[in-house]
Every structure is written in C-alpha cells, then in structure tokens.
Amino acid sequence: MSAIEPPMAMLAEITHRCPLQCPYCSNPIELERSSKEMGTEDWRRAIREAADLGCMQVHFSGGEPTVRQDLELLIAEATAVGLYTNLITSGVLLDEPRLKRLVEAGLEHVQLSFQAAEAPDADRIGGFSGSQAKKLEAAAMVRAAGLPLTANFVVHRQNIAQIEAMLDLAVAIGAHRVEIANVQYYGWALKNRAALMPSHEQLDLMTEQVAAARDRLKGVTVIDYVIPDYYARRPKACMGGWGQRFLNISPTGNVLPCHAAESITGLEFDNVRQRSLADIWANSKAFNLYRGTDWMPDPCRSCDRREVDWGGCRCQAFAITGDAARTDPACEFSEDHGRLVDLAEHDSGEGRDDFVYRNFAAARRAPAGAG
C-alpha cells in the first residue's frame, strides 16, 4: 500500500442530542447520552491533533451541535490552529446573540438542514413543531452575519414532489450552495427504508428537474446532487475512500473512517482519549482494514475504477449482505446488485408513511434494521 496521505477534513460529531427526530438520521441506532460525551478539553486537544495531522477543515455536527454550550470554545480552538470551520445545524436553537458569539469565535460557514420546502411536511418529518419558521429565521441571521450558507435538503419519497420548491426556497434564502441529497440507507434510514424509498420513476423526474435547475440557476447557486445508492449502477467513493481523505470523531471520542462505520458490528474503533489521532490515522486496525486496494475481492480487485470508487461503501455492503468486505451491492457487477434493486422496488411500493422517529426512547426499544 502506498504512503498514507493526511486527511483533508474532520467531522466532529460533538453530541447525539438533538431537538429534531429525523427518521433518516445518519447517527447510529445506539445513541450516546450526554454523560458519555467527550469534554471540552478532550475536544480541544483532538482539534489541535487534527491540525497537526494535516487536516484543513473541521465540520461541527451532531445531533445538533448547538446544544453544546462550549461550541464557541471549540470553534475558537479550530480557528487558532488554522482550520476552516463549518457548522452543520438544524438551526432551530440559533438566535442572534449565539450566532454572534460563534462568528466572533471564528465560524466561517453554515450548512443548514431542511426536511421539506413546505412547513407542515417539514415539521412532521423532523418531528418538531414550528421547525421551518425557526430555520428560515436562522438562514436570515446567517446571511445578515455575512457567512456563506449551504442549504441541505434530504430527499425521499415523502418530500420528493417538492424538489422545485426546495430549489426556489434555497434561492430565496440566499444559499450559495444547495445539496439535494437523497437518503442513504444506514442507521435510522435503514429502519425507515419502506417509508422513505422513492420509486425509479420519481428519481428519474427529480434528476431531470435538478439538471434543468442547474442550467437555470447557473451563477446564482451551486447545486450538488446525490442519488440513492439503491438505484446506482456504480458505487460512489464513499468519504473519498475508507481511511483516505476524511475522519470522523463520535461524541464519545471513537475515531471512525466515516460517520456510519459503527453500524458494522464487530469492528472495534480506537478512541482519541486513549491514542493520538496521528497514531490512529496511520495504524488503527479499523482504518487499515479497508484502506487502499489490497483488501478487495473480485470484481473490485481487477476493476479499472478500483482507485476511483475505492470499492464503494463498506457500511452498505454490511447492511445488505452482513459482510463488510463484499463488493458494494450498488455496483452492477456485484453478485448482490439484484438484491439491492429488488429491495428498492419492494420498499418504494410499500405505501408506508409512518416513521420510527430518531430519539433515545426508540433507540432503547428497537434493534437495527437489516437488508
């Protein structure tokens, strides 16, 4: 394996606490209580180590990161060591004094999540009454503060008819960038797959709408578009490849190759409170297990895209087949690809609209879903 390059960015999941209950949340089913979260000094040290390792960006996420009252201190630490800072937030807890303190600490960008374009749907999907109004207020505050804004719309069967309205909303709030990101089915989304999976016809129409909007809105906003893997023919380079460009730190300090990696049961992850970030990045068994190409089975091993998609998504391979080392079923050459297609067709036709909402009570009651 060639020399390991430093990570480009760190996702700091500083908490699993969140006032919203999104049924597609990428947090693990086993949510961590606040009593297990890393403290301020541990996080500050991890941020310094990330900068020393070569990271250029830190993305503060959760849960809802603004529930942490030390967020300003963490942003200030990142700024002091030269990291670009981005806040990934629902916006529902932001007010002007808090945003002012975050900006003064060095915050450089805000990514604001939306559950739908229409308020009743947004409130129902997020399980939080009045959320849309608070998000619009947050967007206005962010733009008034002079910060660049990304609007992130997570798309699924129950809001896919609002694509054009979502794009109009993004323009109206002054978003510099829009993410139209179809649900990826891990964690809570896997539990809710039958209520979320769009049909192939819905996906085709959305793709046409996004393409038309990219032409129409060129020079106004940038549109990123992510389709669901279940309808792909080739896998995506998940996180730029396992252990290649990104790392994630969980609320308890576990260092992960991606935010969903803890869904691979039986895989143990090192903790930044016990080992340095540099040591974990270079030597962790979990990071090296699927890093590079040596681990790949055929057809991945002989594929000319093996250093483009890096074998696709390990979490998805595990979710569908129970074996994280198998070829990503999103690949048309995978023996399991037909199974993925069948699951998509079945679940998109289920007609369900009820959710298992993401919250601590549901986490205690139910085991993870399965392919």
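Shown above is the structure to which this text applies.
Here we summarise the structure given alongside this text. Per chain, the residues get numbers from 1 upward, laid out in the order the sequence is written. Given that the model is predicted, a residue must reach a pLDDT of at least 70 before its local features are reported, and side-chain atom pairs must reach 80 or more before they are shown or counted; all residues, however, enter totals for whole chains, interfaces and linings. Working from all heavy atoms in the structure, the side-chain values ignore hydrogens and water.

Summing up its helical and strand segments, the protein has 14 helices and 9 strands in all. What you see for the protein is a C-alpha radius of gyration of 20 Å, in line with the 21 Å of a compact globule of 371 residues. The C-alpha extent of the protein, read off along each of the three principal axes, is 55 × 45 × 45 Å. Relative accessibility decides the category of a residue: with a 1.4 Å probe and only protein chains considered, values under 20% of the type maximum give buried, values over 50% give exposed, and everything between is partly exposed. Within the protein, buried positions represent 56% of all 371 residues. Residues are treated as being in contact if the distance between any of their heavy atoms lies within 4.5 Å. When contacts within the protein are restricted to residue pairs at least 6 apart in sequence, those whose partners lie at least 24 apart make up 73%. Computed with the Shrake-Rupley method and a 1.4 Å probe, the accessible areas treat only the protein chains shown as cover for residues. Carbon and sulfur atoms make up 51% of the accessible area of the protein, which amounts to about 15200 Å² in all. With 39 positive and 50 negative side-chain charges, the protein shows a spacing of 3 Å between the two charge centroids. Secondary structure follows DSSP: runs of H or I at least 4 residues long count as helices, runs of E at least 2 residues long count as strands, and numbering of each begins at the N terminus. Only the C-alpha atoms count toward the radius of gyration. The rule for a globule is 2.2 Å times the residue count to the power 0.38. Positive charges come from Lys and Arg, negative ones from Asp and Glu, while His and the chain ends are left out of the count. Taken as the charge location is NZ of Lys, CZ of Arg, CG of Asp or CD of Glu.

A few words now on empty space enclosed by the protein. One way to see where empty space is left: roll a probe the size of a water molecule over the atoms. Think of a 1 Å grid over just the protein atoms. A cavity is a set of points where a 1.4 Å probe fits yet cannot get out, a pocket is an open set with protein on both sides within 12 Å along at least five of seven lines, and lining residues have an atom within 4 Å of a point. Grid points are joined across faces, edges and corners, and a volume is the space filled by probe spheres set on the points. In this structure the tally under the stated criterion is 1 cavity of 30 Å³ or more. Each pocket or cavity is described by its volume, and for the largest cavity that value is around 80 Å³. Contributing to the lining of the largest cavity are 13 residues, with Cys-238, Trp-242, Gly-312, Cys-313 and Arg-314 lying nearest its centre. Under this grouping Gly is polar, as are all residues other than the nonpolar Ala, Val, Leu, Ile, Met, Phe, Trp, Tyr, Cys and Pro and the charged Asp, Glu, Lys and Arg. Of the residues in the lining of the largest cavity, the class split is 10 nonpolar, 2 polar and 1 charged.

Within the largest apolar cluster, 87 residues are counted, with the highest numbers of intra-cluster contacts made by Met-10, Phe-60 and Ile-180. With near-sequence residues (within four places) excluded, Met-10 lies in contact with Ala-46, Ile-47, Ala-50, Cys-55, Gln-57, Val-58, His-59, Leu-247, Ile-249 and Leu-277. Throughout this description, the term nonpolar core refers to a set of buried Ala, Val, Leu, Ile, Met, Phe, Trp, Tyr and Cys residues connected via side-chain atoms within 4.5 Å. Grouped together as the second largest cluster of nonpolar side chains are 19 residues, Trp-242, Cys-300, Cys-315 and Ala-324 included.

Moving on, we get to the sheet that holds strand β8 (residues 246-249). Being paired, for any two strands, means DSSP has found at least two bridges between them. Across the sheet, which stays open at both edges, the 9 strands sit in the order β7-β6-β5-β4-β3-β2-β1-β8-β9 with mixed pairing between neighbours. Of all the strands in the sheet, the pair left with one neighbour each is β7 (222-226) and β9 (255-256). Bridge count between strand β1 (residues 9-13) and β8: 4 bridges; the pairing is parallel. Of the residues in β8, the one forming a bridge with Leu-11 is Asn-248. Working convention: axes come from line fits to C-alpha atoms, limited for helices to the stretch in contact. Angles between N-to-C directions cover 0 to 180 degrees. Sheet strands in contact with helix α9 (residues 200-216) are β5 (149-155), β6 (177-182) and β7, and its direction is about 160° off that of β7.

All right, on to the packing of helix α6 (residues 163-172) against α9 then. The axes of two packed helices give the description: the angle between them and the distance between them. Following both chains from N to C, one finds α6 and α9 inclined at 30°, their axes separated by 10 Å at the closest point. Here α9 runs roughly parallel to α6, going by the angle between their axes. Crossing of α6 over α9 shows right-handed handedness. On α9, the residues touching Ile-163, Glu-164, Leu-167 and Asp-168 of α6 are Met-206, Gln-209, Val-210, Ala-213 and Arg-216. When its residues are assigned to classes, the contact of α6 with α9 shows 5 nonpolar, 1 polar and 3 charged. Reported orientations rely on four angle classes, namely roughly parallel under 35 degrees, roughly antiparallel over 145, roughly perpendicular from 65 to 115, and oblique for the rest. Should the near helix be turned anticlockwise from the far one by less than a right angle, the crossing is termed left-handed; should it be turned clockwise, right-handed.

On to a negative patch on the surface, then. A grouping of Glu-201, Asp-204, Glu-208, Asp-342 and Glu-345 is seen on the molecular surface, where their side chains present a negatively charged patch. For the negative patch, the secondary-structure elements that each account for two or more residues are α9 and α13 (337-348). In terms of residue count, α9 provides more of the negative patch than any other element does, 3 residues in total. With respect to the helices and strands, Asp-342 occurs in helix α13. Patches draw on residues past 30% relative accessible area with no salt bridge. Two like charges within 9 Å are joined, as are two nonpolar side chains (Val, Leu, Ile, Met, Phe, Trp, Tyr) within 5 Å. Only one rule defines a salt bridge in this text: a Lys or Arg side-chain nitrogen within 4 Å of an Asp or Glu carboxyl oxygen.

Before going further, it helps to examine the pairing of β8. Pairing of β8 with β9, which is carried by 2 bridges, proceeds in the antiparallel orientation. Bridged to Asn-248 within β9 is Leu-256. In textbook terms, the turn of a hairpin is the stretch between consecutive antiparallel strands, and for β8 and β9 this stretch comprises 5 residues, one of which, Gly-253, has a positive phi near 105°.

Another point: the pattern of salt bridges. For side chains of opposite charge, pairing can occur when their charged atoms come near one another. Under the counting rule described, the total for this entry stands at 23 salt bridges. The salt bridge partner of Arg-275 is Asp-279, with a shortest N-O separation of 3.0 Å. By relative accessible area, Arg-275 is classed as partly exposed at 25%. Salt bridges here are not isolated pairs; linked through shared partners, they connect Arg-17, Glu-37, Arg-68 and Asp-70.

The set of residues buried in helix α4 (residues 119-126) consists of Ala-122, Asp-123, Ile-125 and Gly-126. Down the axis of α4, the buried side of the element spans an arc of 170°, and every buried residue falls inside it. Contacts made by the buried residues of α4 are with α5 (131-144). Phi turns positive one or two residues past the end of α4, at Gly-127, with a value near 65°. By construction, the arc corresponds to the directions joining the helix axis to the C-beta atoms.

It is worth spelling out the side chain of Ser-334 at this point. As for its position among the elements, Ser-334 is in the loop between α12 (314-321) and α13. Judged by relative accessible area, Ser-334 falls into the buried class, the value being 7%. Here a polar contact means two N or O atoms within 3.5 Å. Within protein one must be a hydrogen donor candidate and the other an acceptor candidate, and residues neighboring in sequence count only if both atoms are side-chain atoms. A polar atom in the side chain of Ser-334 sits 3.0 Å from the backbone nitrogen of Asp-336. Setting aside anything within four residues of it in sequence, one finds Ser-334 in contact with Thr-327, Asp-328 and Pro-329.

Turning our attention to unusual backbone geometry. Working note: non-glycine residues mostly have negative phi, and peptide bonds are mostly trans. In this chain, Gly-62 is followed by Gly-63 through a cis amide linkage whose omega measures 15°. Here Asp-298 and Pro-299 are connected by a cis peptide whose omega angle stands at 10°. The backbone of Met-239 sits at a positive phi, close to 55°, despite the residue not being glycine. Examined against the element boundaries, Met-239 turns out to sit in the loop between β7 and β8. You will see that Trp-310, though not glycine, has its phi angle at about 55°, which is positive. Judged by its relative accessible area of 18%, Trp-310 is buried.

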